[in-house]
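# Residue-level structural notes
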Amino acid sequence: MDFLPQKHAKYFSRFLNLLPARLASHDSTRVTIAFFAVSGLDVLDSLELLTPSQKENIINWIYRYQVIPKEEGLKCGGFQGSSTLSLKSNDRDQLAAVESYHWGHLAMTYTGIAILVALGDDLSRLDRRAIIEGVAAVQREDGSFSASVEGNEQDMRFVYCAAAICAMLDDWGSVDRKKMAQYIRNSLRYDYGVSQHMEMEGHGGTTFCAVAALHLSDQLDVLSTREVEGMKRWLVLRQGEGFQGRPNKTEDTCYSFWIAATLKILNAFHLTDFEENRKFILSTQNRVVGGFSKWPHFNTDPFHTYFGICGLSFVDEPNVLEVMPSLNISMRAYRRLRGLHNEWKLTQNLTDVRLNID
């Protein structure tokens, strides 16, 4: 079956202009939907479908959701997912009540920064210090992270988001990386899958989150050789034709990213059957309007479309850019990000020299 990149590029473009009614329940997480669309266009090498003004509008839209905390307030820097909690009112009490719920969310912060990088923004409008302080503020005593400063879930998904944010901003601040790594090791199960939270079942998505977080924090060596080899075996056994997320579950397009990316980080993806994986991914492709679905003949969505295309990138599909596995962005975007890191370091070094001279 042929891969139809142009149809998928148009599919992503549509999601940047209009969301279908069935996604109304996701209104508060619009930034993540935009991430799949923008990063999808990037991986398809099709960002030219967006005009310069469209790119600028998306960048400005993302910055609208940046939360810059007050000096005396909570350490809650980061990004929100939409304007759901925005309010226009002349009533000061109402505005104060709504503003008290303005805090960054780790998943929205990660995806928001990734969008900016993909679109070539220089990140100069980011309050990097506030964001990193916001990440540290949601780390829990067991080493995990919650989504936001006022609690919410705390599990491996947000461990990954925290690690990705710190890696993208090249700053770990007061985040306790060792405690984070210990939380990950405590979530390693008997079969060498990693669970969403301690004492739960091993899962392909959270195994990626754990391994990627260790990779981004330069701590993969906390895993023993036996644990790494056991994890590789557990991951490889998730392949039927495509990949499943857990034993005895149905194969699902998105695991062609989660499982494959983890194996890429562990240098073991070559142990899988590329052709069978490709065949399964393409069986979920909508050949009429574009997009990929969870399973063959189901409704498509931006989530599975993006991860299906990333899965095709891993099996060297033509017309798809290389993906940086642990950050889940294109290698082109990653190289741009590394260039920004070098600029920040140079600026900091010059500042330090001036201070020493003074």
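Parameters and conventions
Residues numbered from 1 in each chain as written. Predicted model: local features only at pLDDT ≥ 70, side-chain atom pairs only at ≥ 80, totals over all residues. Heavy atoms only, no water. Helix = DSSP H or I, 4+ residues; strand = E, 2+ residues; numbered from the N terminus. Buried < 20%, exposed > 50% of the residue type's maximum accessible area, 1.4 Å probe, protein only. Contact = heavy atoms within 4.5 Å. Areas by Shrake-Rupley, 256 points an atom, 1.4 Å probe, with all protein chains shown as cover. Lys, Arg positive; Asp, Glu negative; His and termini not counted. Charge placed at Lys NZ, Arg CZ, Asp CG, Glu CD. Patch = residues over 30% accessible without salt bridge, like charges linked within 9 Å, V, L, I, M, F, W, Y side chains within 5 Å. Salt bridge = Lys/Arg side-chain N within 4 Å of Asp/Glu carboxyl O. Phe/Tyr/Trp six-rings, centres within 6.5 Å; stacked < 30°, edge-to-face > 60°. Polar contact = N/O pair within 3.5 Å; in protein donor to acceptor, adjacent residues only side chain to side chain. Axes fitted to C-alpha atoms, helices over the stretch in contact; angles between N-to-C directions. Parallel < 35°, antiparallel > 145°, perpendicular 65-115°, else oblique. Left-handed = near helix turned anticlockwise from the far one by under 90°. Nonpolar A, V, L, I, M, F, W, Y, C, P; charged D, E, K, R; others polar. Disulfide = S-S within 2.5 Å.

## Side note on the overall build of the chain
Within the chain one finds 14 helices and six strands. Along the first, second and third principal axes, the C-alpha atoms of the chain reach 60 × 45 × 45 Å. Here the chain holds 358 residues, and 53% of them are scored as buried. Within the chain, residue pairs in contact and separated by at least 24 positions form 69% of the contacts whose partners lie at least 6 positions apart. Accessible surface computed for the chain: about 16900 Å², of which carbon and sulfur atoms make up 49%. Separation between the mean location of the 38 positive side-chain charges and that of the 43 negative ones in the chain comes to 3 Å.

## Describing a positive patch on the surface
Residues Lys7, Lys10, Arg14 and Arg287 make up a contiguous surface patch of positive charge. One can find lysine 7 in helix H1 (residues 5-15).

## Some points on the packing of aromatic side chains
According to the stated counting rule, one finds 23 aromatic pairs in the structure shown. For the ring pair phenylalanine 36 and phenylalanine 307, a centre distance of 5.7 Å and an interplane angle of 65° mean the geometry is edge-to-face. Taken together, the residues span a long stretch of sequence, with phenylalanine 36 in helix H2 (residues 30-43) and phenylalanine 307 in helix H13 (residues 302-314) at a distance of 271 residues. For phenylalanine 307, a relative accessible area of 2% translates into the label buried. Between phenylalanine 257 and phenylalanine 314 the ring centres are 5.9 Å apart and the planes differ by 20°, which places this aromatic pair in the stacked class. Note that phenylalanine 257 is positioned in helix H11 (residues 255-265) and phenylalanine 314 in helix H13, a separation of 57 residues in sequence. On the basis of relative accessible area, phenylalanine 314 is assigned to the buried category, the value being 3%.

## Quick notes on the pattern of salt bridges
Inspection of every chain in the model, using the stated rule, returns 15 salt bridges. In this structure, arginine 332 and aspartate 42 form a salt bridge, with 2.7 Å as the shortest nitrogen-oxygen distance. Placement of arginine 332 in helix H14 (residues 331-357) and of aspartate 42 in helix H2 is noted, with a sequence separation of 290 residues between them. Two residues, glutamate 199 and arginine 189, come together in a salt bridge whose shortest N-O distance is 3.6 Å. Placement of the pair is glutamate 199 in the loop between helix H8 (177-186) and helix H9 (204-216) and arginine 189 in the loop between H8 and H9, with a sequence separation of 10 residues. Under the relative-accessibility criterion, arginine 189 is labelled buried at 19%. In the salt-bridge network here, residues are joined through shared partners; they are Asp42, Asp45 and Arg332.

## Overview of the side chain of glutamine 219
Along the chain, glutamine 219 falls in the loop between H9 and helix H10 (225-236). Among the polar contacts listed, one links the side chain of glutamine 219 to the side chain of serine 217, at a separation of 2.9 Å. If we ignore the near neighbours within four places in the chain, the residues touching glutamine 219 are Arg177, Lys178, Met180, Ala181 and Leu214.

## Brief notes about the packing of helix H12 (residues 274-283) against H13
Relative placement of two packed helices is described by the angle separating their axes and the distance separating the axes. One way to put it is that H12 packs onto H13 with a least axis distance of 10 Å and a crossing angle of 155°. Classed by the angle they form, the pair H12 and H13 counts as roughly antiparallel. Relative to H13, the crossing made by H12 is left-handed. When H12 is examined against H13, the residues Phe274, Arg278, Ile281 and Leu282 are found in contact with a partner set consisting of Gly308, Gly311, Leu312 and Phe314. Looking at side-chain class alone, the contact of H12 with H13 contains five nonpolar, two polar and one charged residues.

## Looking at unusual backbone geometry
Although it is not a glycine, aspartate 170 adopts a positive phi angle of roughly 55°. With respect to the secondary-structure elements, aspartate 170 resides in the loop between helix H7 (156-168) and H8. In this structure aspartate 170 comes out as partly exposed when scored by relative accessible area, which is 34%. Not every positive phi belongs to a glycine, and aspartate 218 is a case in point at roughly 60°. Mapped onto the fold, aspartate 218 is located in the loop between H9 and H10.

## Re the state of the cysteines
Summed over all chains, the structure comprises zero disulfides. Residue cysteine 254 stays outside any disulfide, its sulfur separated by 11 Å from that of cysteine 310, the closest cysteine. For cysteine 310, a relative accessible area of 0% translates into the label buried.

## Topic: the environment of cysteine 76
On the secondary structure map, cysteine 76 appears in the loop between strand S1 (66-67) and strand S2 (78-79). For cysteine 76, a relative accessible area of 8% puts it in the buried group. As for cysteine 76 and phenylalanine 208, which are separated by 132 residues in sequence, their C-alpha atoms are 26 Å apart. If sequence neighbours within four positions are ignored, cysteine 76 has contacts with Val67, Pro69, His102, Trp103, Gly104 and Val149.

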